[in-house]
Amino acid sequence: VTTNPAMFDPGETVMVTVTISSPTAAEAGMFLQSNAGEASTIAGQGLAEVMAGLTHTQPKPLGGDQAQFSFQWTAPAAPGAVRFEVWAVAANGNN
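These numbers come from a predicted model, not from an experiment.

> Describe the overall build of the protein chain, naming the residues involved and giving the relevant values.
Along its length, the protein chain carries zero helices and nine strands. In the protein chain, the order of α-helices and β-strands from amino to carboxyl end is β-β-β-β-β-β-β-β-β. Radius of gyration (C-alpha) of the protein chain: 14 Å, near the 12 Å computed for a compact globule of 95 residues. Along the longest, intermediate and shortest principal axes, the C-alpha atoms of the protein chain span 45 × 25 × 20 Å. Relative to its 95 residues, the protein chain shows a buried fraction of 26%. Long-range contacts, defined here as pairs at least 24 residues apart, represent 67% of the contacts in the protein chain between residues at least 6 apart. Entry remark: accessible area of the protein chain is about 5,700 Å², with carbon and sulfur atoms responsible for 50%.

This is the structure we're talking about:
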């Protein structure tokens, strides 16, 4: 999980990218939640907002052994630690 920019202030909105890597998978999906802040989808990234966080709407093909999902996240107004929990799946595409 990476952010752009890498350093940010309370209340700032940043782009977060989750990279899923596998040398053998054909496609990947993910679910993400955080204990603070507000996540929102970016058009074309294949993510949807659900009550508990963000989830993929369909598997994303791997290119170069990786799939990436990006979204916007607004940091809480007060400084402090934030925990992102990510569940990822890499699959062979055989349904």
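> Quick one: what's the story with the pattern of salt bridges, residue by residue and with numbers?
Across all of its chains, the model carries one salt bridge by this definition. Glu85 is the salt-bridge partner of Arg83, the closest N and O atoms lying 3.5 Å from each other. Its relative accessible area of 28% is what places Glu85 among the partly exposed residues.

> Let's hear about the sheet that holds strand β2 (residues 13–21): which residues, and what values?
Spatial ordering of the open sheet is given by β1-β2-β8-β4, a layout of four strands whose pairing is antiparallel. Each edge of the open sheet carries a strand with a single partner, namely β1 (2–4) and β4 (38–41). The mean inter-strand angle of the sheet, taken between neighbouring strand axes irrespective of direction, is 35 degrees. Relative to β2, β1 runs antiparallel, the two being bridged by three bridges. If you follow Thr2 over to β2, its bridge partner there is Thr17.

Basis of the calculations
- Residues numbered from 1 in each chain as written.
- Predicted model: local features only at pLDDT ≥ 70, side-chain atom pairs only at ≥ 80, totals over all residues.
- Heavy atoms only, no water.
- Helix = DSSP H or I, 4+ residues; strand = E, 2+ residues; numbered from the N terminus.
- Rg over C-alpha atoms; globule rule 2.2 N^0.38 Å.
- Buried < 20%, exposed > 50% of the residue type's maximum accessible area, 1.4 Å probe, protein only.
- Contact = heavy atoms within 4.5 Å.
- Areas by Shrake-Rupley, 256 points an atom, 1.4 Å probe, with all protein chains shown as cover.
- Salt bridge = Lys/Arg side-chain N within 4 Å of Asp/Glu carboxyl O.
- Pairing = 2+ DSSP bridges.
- Axes fitted to C-alpha atoms, helices over the stretch in contact; angles between N-to-C directions.

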